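One-letter residues, chain by chain:
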Amino acid sequence: MEIFKYMETYDYEQLVFCQDKTSGLKAIIAIHDTTLGPALGGTRMWNYASEEEAIEDALRLAKGMTYKNAAAGLNLGGGKTVIIGDPLKDKNEEMFRAFGRFIQGLNGRYITAEDVGTTVADMDLIHEETNYVTGISEAFGSSGNPSPVTAYGVYVGMKAAAKEAFGSDSLEGKTVAVQGVGNVAYTLCEFLHKEGAKLVVADINQKSVDRAVEAFGAVQVGVDEIYSQDVDIFAPCALGAIVNDNTIPQFKAKVIAGSANNQLKDTTHGDLIHEMGIVYAPDYVINSGGVINVADELYGYNHDRAMKRVAGIYNKIERIFEISKRDGIPTYVAADRLAEERIARVSKSRSQFLQNGKHILNGR
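The paragraphs below set out a description of the structure included in this document. Just so it is clear, the structure is predicted and the values come from calculations on it, not from any experiment.

### What to know about the overall build of the chain
No. 1: Scanning the chain from terminus to terminus reveals 13 helices and 12 strands.
No. 2: Relative to the globule expectation of 21 Å for 364 residues, the C-alpha radius of gyration of the chain, 21 Å, shows essentially globular dimensions.
No. 3: Along the first, second and third principal axes, the C-alpha set of the chain runs to 65 × 55 × 45 Å.
No. 4: Counting only residues that meet the buried cut, the chain has 52% of its 364 residues in that class.
No. 5: When contacts within the chain are restricted to residue pairs at least 6 apart in sequence, those whose partners lie at least 24 apart make up 63%.
No. 6: When the accessible area of the chain is evaluated, it comes to approximately 17,000 Å², of which 49% is carbon and sulfur surface.

### A few points about the environment of A238
No. 1: For A238, the location among the structural elements is in the loop between β10 (233-236) and β11 (255-256).
No. 2: The exposure class of A238 is partly exposed, given its relative accessible area of 43%.
No. 3: A sequence separation of 25 residues divides A238 from Q263, and the C-alpha atoms of the two residues are 9.3 Å apart.
No. 4: Dropping the residues within four chain positions of it, A238 is found in contact with Q179, G180 and A260.

### As for helix α7 (residues 206-216)
No. 1: Every buried residue belonging to α7 is among S208, V209, A212 and F216, and all of these are buried. Burial along α7 is one-sided: seen end-on, the buried residues are contained in an arc of 100°. The exposed residues of α7 that point more than 90 degrees off its buried face are K207 and E214.
No. 2: Residues of α7 that are buried make contact with α6 (183-195), β8 (198-202) and β9 (219-220).
No. 3: Positive phi shows up at G217, right after α7, with a value of about 65°.

### Thoughts on the packing of aromatic side chains
No. 1: As enumerated under the stated definition, the model contains 9 aromatic pairs in all.
No. 2: Residues Y186 and F216 carry aromatic rings whose centres are separated by 5.0 Å and whose planes lie at 50° to one another, so their mutual orientation is tilted. You can see Y186 sitting in helix α6 and its partner F216 sitting in helix α7, a full 30 residues away along the chain. Across the pair, exposure class does not vary: Y186 and F216 are buried alike.
No. 3: Of the aromatic side chains, those joined through ring pairs into one cluster are Y6, Y10 and Y12.
No. 4: The ring of F166 carries the charged tip of K174 above its face, separated from the ring centre by 4.9 Å.
No. 5: Here the basic side chain of R211 rests over the ring of Y186, its NZ or CZ set 3.7 Å away from the ring centre.

### Some words on the sheet that holds strand β7 (residues 175-179)
No. 1: Strands sit in the order β9-β8-β7-β10-β11-β12 across an open sheet of 6 strands; the sheet is parallel. The sheet is open, and its two borders are formed by β9 and β12 (279-280), each paired with just one other strand.
No. 2: Taken together, the 2 bridges between β11 and β12 define a ladder with parallel strand orientation. Considered in β12, the bridge of V255 is made with V279.
No. 3: Sheet contacts for α7: β8 and β9; angle to β8, the most-contacted strand, approximately 170°.

### Brief notes about helix α3 (residues 93-105)
No. 1: Look at α3: 19 Å from first C-alpha to last across 13 residues, which is about the 18 Å you get at 1.5 Å a residue.
No. 2: Turning to α3, its buried residues are M95, F96, A98, F99, G100 and I103.
No. 3: At its buried positions, α3 is contacted by β1 (14-20), β2 (25-33), β4 (43-46), β5 (77-84), β6 (110-111) and α4 (120-127).
No. 4: Measuring from the backbone nitrogen of E94 back to the side-chain oxygen at the start of α3 gives 3.2 Å, which picks out N92 as the cap.
No. 5: Two residues or fewer after α3 comes N107, characterised by a positive phi angle close to 55°.

### A closer look at the pairing of β4
Along any regular strand the residues' side chains alternate between the sheet's two faces.
No. 1: With 4 bridges connecting them, β4 and β5 associate as parallel partners. Looking at β5, one finds that W46 is bridged to I84.
No. 2: Once the chain exits β4 it traverses helix α2 (residues 51-71) before rejoining the sheet at β5, and the crossover so formed is right-handed.

### Details of the pairing of β5
No. 1: Counted residue by residue, β5 has 7 buried out of 8 residues, so it is predominantly covered.
No. 2: Summarising the sheet, β2 and β5 pair through 6 bridges and their orientation is antiparallel. Bridged to A27 within β5 is I83.
No. 3: With 2 bridges joining them, strand β3 (residues 39-40) and β5 adopt parallel strand pairing.

### Some thoughts on the nonpolar core
No. 1: With 63 residues, the main nonpolar core has M158, V176, V178, L192 and I317 as its most contacted residues.
No. 2: Looking at which element gives the most residues to this core, the answer is helix α5 (residues 147-166), with 9 residues.
No. 3: In this structure V178 touches A185, C189, L199, V200, V201, A202, I226, A235 and C237, once residues within four positions along its chain are discounted.
No. 4: Ranked by size, the runner-up nonpolar core spans 20 residues in total, among them V16, M45, F99 and I126.

### Things to note about the pattern of salt bridges
No. 1: What the rule picks out here adds up to 17 salt bridges.
No. 2: A salt bridge links E93 to R97, with the shortest nitrogen-to-oxygen separation between them at 3.4 Å. With a gap of 4 residues between them, E93 and R97 both fall in helix α3, about one helical turn apart.
No. 3: Looking at R97, the relative accessible area reads 26%, which means it is partly exposed.

About the thresholds
- Residues numbered from 1 in each chain as written.
- Predicted model: local features only at pLDDT ≥ 70, side-chain atom pairs only at ≥ 80, totals over all residues.
- Heavy atoms only, no water.
- Helix = DSSP H or I, 4+ residues; strand = E, 2+ residues; numbered from the N terminus.
- Rg over C-alpha atoms; globule rule 2.2 N^0.38 Å.
- Buried < 20%, exposed > 50% of the residue type's maximum accessible area, 1.4 Å probe, protein only.
- Contact = heavy atoms within 4.5 Å.
- Areas by Shrake-Rupley, 256 points an atom, 1.4 Å probe, with all protein chains shown as cover.
- Arc of directions from axis to C-beta.
- Phe/Tyr/Trp six-rings, centres within 6.5 Å; stacked < 30°, edge-to-face > 60°.
- Lys NZ or Arg CZ within 6 Å of the ring centre and 35° of its normal.
- Pairing = 2+ DSSP bridges.
- Axes fitted to C-alpha atoms, helices over the stretch in contact; angles between N-to-C directions.
- Expected span 1.5 Å × (residues − 1).
- Polar contact = N/O pair within 3.5 Å; in protein donor to acceptor, adjacent residues only side chain to side chain.
- Right-handed = clockwise from strand over helix to strand, strands pointing away.
- Core = buried A, V, L, I, M, F, W, Y, C linked by side-chain atoms within 4.5 Å.
- Salt bridge = Lys/Arg side-chain N within 4 Å of Asp/Glu carboxyl O.

Structural data, given as structure tokens:
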């Protein structure tokens, strides 16, 4: 992998390699774009097969955070960290404290948070060395469990998608197939049930299914049967790449809106469901409630303020549909365009400001 060529092609700003012999820390911080503000993105710990695989993952995830933060309306850029190691065996206090010192050394260019393989306890250890971390324990002023907030964002985004598909954002009487009933999806089911939606659920964990059936009167189907249900809305809330060649012919839903990441296996699948007239709420926009919530910690966490911003996901999804129709493009492309247009506006404004400043100085 030609790292500098890759960074130049996709406009990455910085790649930082962090090593601490005592703790065994091997971490890679990727900063993609800081036009809108400091880069915010979580720390993932994974037992990568190679260093190159870890680098590629950090770069890919950092760019994704640029788009997610920009589309969410946050004054934050995109970054990500990967730590090479087995999260079940290789963690120790010294590792995360050493990593915190590396973050501190970036002097605010990068702010981290919890991600796959890391926990609130790990963030607390990082917090011992730096304030540039979110998702810490509530005792330190954190926003706490992000799942209910993420679920609320998916709920309001789903209502916006329903309005686009059915002419009304009411979910009363609508049937929603929920794939995966984990923490986020369970709370989403609670919102849907309260509004009078009918639920069809599937999960590999039978206990999760039983809980939803008992609490919300949901109908259980097999994990391979969830795609073909005769429903109004399909809500992917578990695996990625679930919109693919095998599942698309099975869909009867008019809307796809859920919390899972990377729902499209490939961009061609986004094109295909667009041609079929399925209303797709792009995943990194509709599931951005969590990052909006933790970002509020940077201002001194206020739950009401955070929830008000999360409610704005409704308008973001509406705006994506407007761009899709304006430019004749699928909604996943429209989401990227929403993010890119915002970054371009801020970049242009900043350049103009600097240019005016030079004129003033030259005029003295």
